[in-house]
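# Remarks on the overall topology
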Amino acid sequence: MTDASNPLLQPSALPYGLPDYRLIRPEHYLPAFRAAFAEQLREISRITMARSMPTFENTIEALERSGEVLDRIAHAFYTVSSADATPEIQAVDEELAPLMAAHDDAITLDGALYWRVAQVHDQLDALDLDAEQRYLVERRFREMTHAGAALDDEAKARLTDLNQQLSTLSTTFERNLLNDTNDLAVVFDEPSELDGLSSGELSAAARAATDRGLEGRYLVSLPLFTGHPYLAQLRNRESRRRIMTASLSRASRDNGNDNRPVLSEIVRLRAERAALLGYDSHAAYVTADETAKTPEAVERMLRELAAPSARNARAEREALQEIVDATEPEAFAVEAHDWAFYTERVRTARYDIDTAALRPWFEAERVLLDGVFFAATRLYGVTFTERPDLPSYHPGARVFEVFNEDGSPLGLYVLDLYTRDAKRGGAWMNAIVSQSRLRGTAPVVVNNLNVAQPAEGEPTLLTLDEVTTLFHEFGHALHGLFATVTFPHFAGTNVFRDFVEFPSQVNEMWILWPEVLDNYARHHETGQPLDPAVVERLRATETFDQGHATSEYLAAAWLDQAWHRIGTDAEVPDVAVFEAAALADIGLDDPVVPTRYSSAYFAHVFSGGYSAGYYSYIWSEVLDADTVEWFRENGGLTRGNGDRFRSRLLGVGGSKDPLEAYRDFRGRDAEIAPLLKRRGLEG
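What this report covers is the structure whose coordinates are included nearby. (Residues numbered from 1 in each chain as written. Predicted model: local features only at pLDDT ≥ 70, side-chain atom pairs only at ≥ 80, totals over all residues. Heavy atoms only, no water.)

## Here we look at the packing of helix α7 (residues 153–183) against helix α10 (residues 260–276)
Contact geometry of α7 with α10 gives a least axis separation of 10 Å together with a crossing angle of 155 degrees. Here α7 lies roughly antiparallel to α10, going by the angle between them. The handedness of the crossing between α7 and α10 is left-handed. Taking contact as the criterion, the partners of A155, R158, L159, L162, N163, Q165, L166, L169, S170, T172, F173 and N176 in α7 are, on α10, V262, L263, E265, I266, L269, R270, E272, R273 and L276. Here the residues of the contact of α7 with α10 sort into 11 nonpolar, 5 polar and 5 charged. (Axes fitted to C-alpha atoms, helices over the stretch in contact; angles between N-to-C directions. Helix = DSSP H or I, 4+ residues; strand = E, 2+ residues; numbered from the N terminus. Parallel < 35°, antiparallel > 145°, perpendicular 65-115°, else oblique. Left-handed = near helix turned anticlockwise from the far one by under 90°. Contact = heavy atoms within 4.5 Å. Nonpolar A, V, L, I, M, F, W, Y, C, P; charged D, E, K, R; others polar.)

Take a look at the structure:
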């Protein structure tokens, strides 16, 4: 790679290999990708054309060494395409999608490469390999076989075509969702329509409108999930209805952004691909290489939780209806857009706590520095220093250097907090650079959230849900920072999909941990801590509204399974009818408790990596809840506990079977009882 005019084809001169986004322009990406594709194919050719018999070094390790330039470019690009998807970047993404799929298949389905990998795998017991090397051979062979490397040439050609079509459709789904979400942002003319919002939230809505050229008005953008944080506060019922209606209609309005035909085609092609690979369904194909192993195992768990969750949600709705009947001058039946608002009233009545009123204690900078970072320092000894001298992909993204307790450098952490039109919805972690001893690289990880940005000079006050999201995503970041492996295949969060959420969920436990909460939950004006009595009442509400929360999640997880358990002969003429039937089948067809993600905006499964895997959150939560019990039993926020969790779980990345790693940490398999207790589903 010697094209000096393209900064992507040269190693970055910045610390940790951070891409110098000041030099990178959209037109640099496609030429760089094409050059990197060609370079890796030459590297693979050198492996397959070798005259010597396959060994770990000349086949498996050589495969791990290949594609370093491509990985560098891809990490740089996909960071931008998700967080700052300008029209120019979207155009690159659409052209790139089938090219990337074709390139991946050219390697994964390469018969000569597969033969060499299989030869090494066959002699595994005779080789002198360490544990990570041995697991790498097992995983490479398993993954290539699972992907179709053993198929005949005709089947491989069809598989390659299917993969390219699916990559293009997934990109289209994400683009349509982003565009329609922006188009459906709700515009209000008067501040009275947003009565109940704080001055900071009103300021953010005014700023968002001004950014759209709507001076003097107020714009409420939509998050990725069905609901909206503002629904808990807005006193105007019509305003709540408008926001919920807009959210539910995303990408299903018979316009150019309609995702219904897109997702239908995705489902059909995924089913065909699964059949080609020898599986009854896409769900069977996916779970075969996860800890769940079968869709039937997933179904058993979802059905076990669905009935008590729906029962609890019905009881919660009755409580909401009672407060409506008792307080509203004209009675009405509670609807989906009312749930969050009256839930807060019930919470106040039962526990004397208003979560919206807590926002002055959750100023974003303090939550980050004195909460998220503080907990990590106490638990793992790591420290953080902001590096404003290092450029990121967007002016709003901040870079921090991370150090181990002994002062040695660990990596970089990038936080991109605020929402914008060019950023996809939701919150996530990704790597810009992955750690690998083989390549001599250290981690650079990113957290993205979608918090509304107030006017200049006003504080960013987070909701409790946003605080939870920040701690959650930082748990992923810690996984990416701490994983210390030799081979890039196992770097960071490269673990089974139904395990990846586990470390992030565990990190949420520190939000209300006394030592942590007292350090960050200070009133942004007075510096006063939260009243201990309020804190106790807050802890008492941990199972409150869990019927609703669990039901909306399980509904989405079941929708994902329903779409991906249908075979190639199934016809789905109407997406809404299919959704309704699927939710009725599991007993979660309550219009007052809509699914967390409806199909047309279910980005996790139609444009993300969670297809047939959205169950992962609750599956991982079994491990999470059991781990929280372990921390509580062993003294909580201590360096000893942190070292054990870091070394035995976070530190191994994907280099070990995840359930084996869990047993090494916990001393036994996880038990489900702590999860049932947390979710209020006992008995």
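## Regarding the packing of helix α1 (residues 26–48) against helix α5 (residues 111–122)
Two elements in contact, α1 and α5, have axes separated by 9 Å at closest approach and are oriented at 55 degrees. It follows that α1 is oblique to α5 by the angle criterion. As for the relative orientation of α1 and α5, their crossing is left-handed in sense. For the pair α1 and α5, the contacting residues are I44, I47 and T48 in the first and A112, L113 and R116 in the second. Residue classes in the contact of α1 with α5 are distributed as 4 nonpolar, 1 polar and 1 charged.

## Comments concerning the packing of aromatic side chains
For the structure shown, the criterion picks out 44 aromatic pairs. Centre to centre, the rings of F341 and Y342 are 5.0 Å apart; their planes meet at 85 degrees, and the pair counts as edge-to-face. For the pair F341 and Y342, a shared accessibility class is recorded, and that class is buried. Among the aromatic residues, those joined into a cluster by ring pairs are F499, F502, W510, W513, W630, F631, F645, Y662 and F665. Here the guanidinium or amino end of R237 rests over the ring plane of F332, the centre of that ring lying 3.8 Å away. Against the face of F341 rests R240, its NZ or CZ located 4.5 Å from the ring centre. (Phe/Tyr/Trp six-rings, centres within 6.5 Å; stacked < 30°, edge-to-face > 60°. Buried < 20%, exposed > 50% of the residue type's maximum accessible area, 1.4 Å probe, protein only. Lys NZ or Arg CZ within 6 Å of the ring centre and 35° of its normal.)

## Considering the pattern of salt bridges
Should the charged atoms of two oppositely charged side chains come close, the side chains can pair. All told, the structure shown has 62 salt bridges when counted by the stated rule. Through salt bridges that share partners, R158, D161, E265, R268 and E272 make up one connected network. (Salt bridge = Lys/Arg side-chain N within 4 Å of Asp/Glu carboxyl O.)

## Quick word on the sheet that holds strand β6 (residues 428–433)
The strand order across the open sheet built from 5 strands is β3-β4-β5-β7-β6, with neighbouring strands paired in mixed fashion. Either end of the sheet is taken by a strand with one partner, and the two such strands are β3 (383–386) and β6. Ignoring strand direction, the axes of neighbouring strands in this sheet form an average angle of 30 degrees. The pairing of β3 with strand β4 (residues 397–403) spans 4 bridges and is antiparallel. When the bridges of β4 are listed, F384 appears paired with V402. Running over the sheet, helix α14 (residues 364–380) touches β3, β4 and β5 (409–418) and is turned about 25 degrees from β4. (Pairing = 2+ DSSP bridges.)

## Description of the nonpolar core
Counting 138 residues, the largest nonpolar core has F362, Y413, W510 and Y520 as the members making the most contacts within it. In this structure W510 touches A375, L379, F471, V516, F631, G636 and L637, once residues within four positions along its chain are discounted. Core analysis: the next-biggest nonpolar cluster, separate from the first, contains 36 residues, I24, L30, F33 and W428 among them. (Core = buried A, V, L, I, M, F, W, Y, C linked by side-chain atoms within 4.5 Å.)

## Overview of helix α24 (residues 658–666)
Every buried residue of α24 is accounted for by P658, A661, Y662, F665 and R666. With its buried residues spanning 120 degrees around the axis, α24 presents them on a single face. Buried positions along α24 lie against α6 (131–147), α16 (501–507), α22 (616–633) and α23 (639–648). The residue sitting at the N-terminus of α24 and contributing the capping side-chain oxygen is D657; that oxygen lies 3.0 Å from the backbone nitrogen of L659. G667 sits one or two residues past α24 and shows a positive phi near 90 degrees. (Arc of directions from axis to C-beta. Polar contact = N/O pair within 3.5 Å; in protein donor to acceptor, adjacent residues only side chain to side chain.)

## Overview of the side chain of D590
With respect to the helices and strands, D590 occurs in the loop between α20 (575–585) and α21 (603–606). Engagement of the side chain of D590 in a polar contact is seen with the side chain of R317, the distance being 3.1 Å. At a separation of 3.0 Å, a polar atom in the side chain of D590 contacts the main-chain amide nitrogen of V592.

## Here's the deal with empty space enclosed by the protein
Over the atoms rolls a probe the size of a water molecule, and its path tells where empty space is left. Tallying each qualifying case throughout the model produces 2 cavities of 30 Å³ or more. As a volume, the largest cavity reaches approximately 90 Å³. In terms of lining residues, the largest cavity is bounded by S81, A85, Q90, D93, E94, T171, E174, R175 and L178. The set of elements that each furnish at least two residues to the lining of the largest cavity consists of α4 (87–108) and α7. Per-element accounting of the lining of the largest cavity gives the leading share, 4 residues, to α7. Residue composition of the lining of the largest cavity, grouped by class: 2 nonpolar, 3 polar and 4 charged. Lining the second largest cavity are Y380, G475, L478, P503, V506, N507, F645 and L650. Elements that contribute at least two residues to the lining of the second largest cavity include exactly α15 (464–482) and α16. The element best represented in the lining of the second largest cavity is α16, accounting for 3 residues. Across the lining of the second largest cavity, the residue classes tally to 6 nonpolar, 2 polar and no charged. (1 Å grid on protein atoms, 1.4 Å probe; cavity = no way out; pocket = protein on both sides within 12 Å on 5 of 7 lines; lining within 4 Å. Points joined across faces, edges and corners; volume = space filled by probe spheres on them.)

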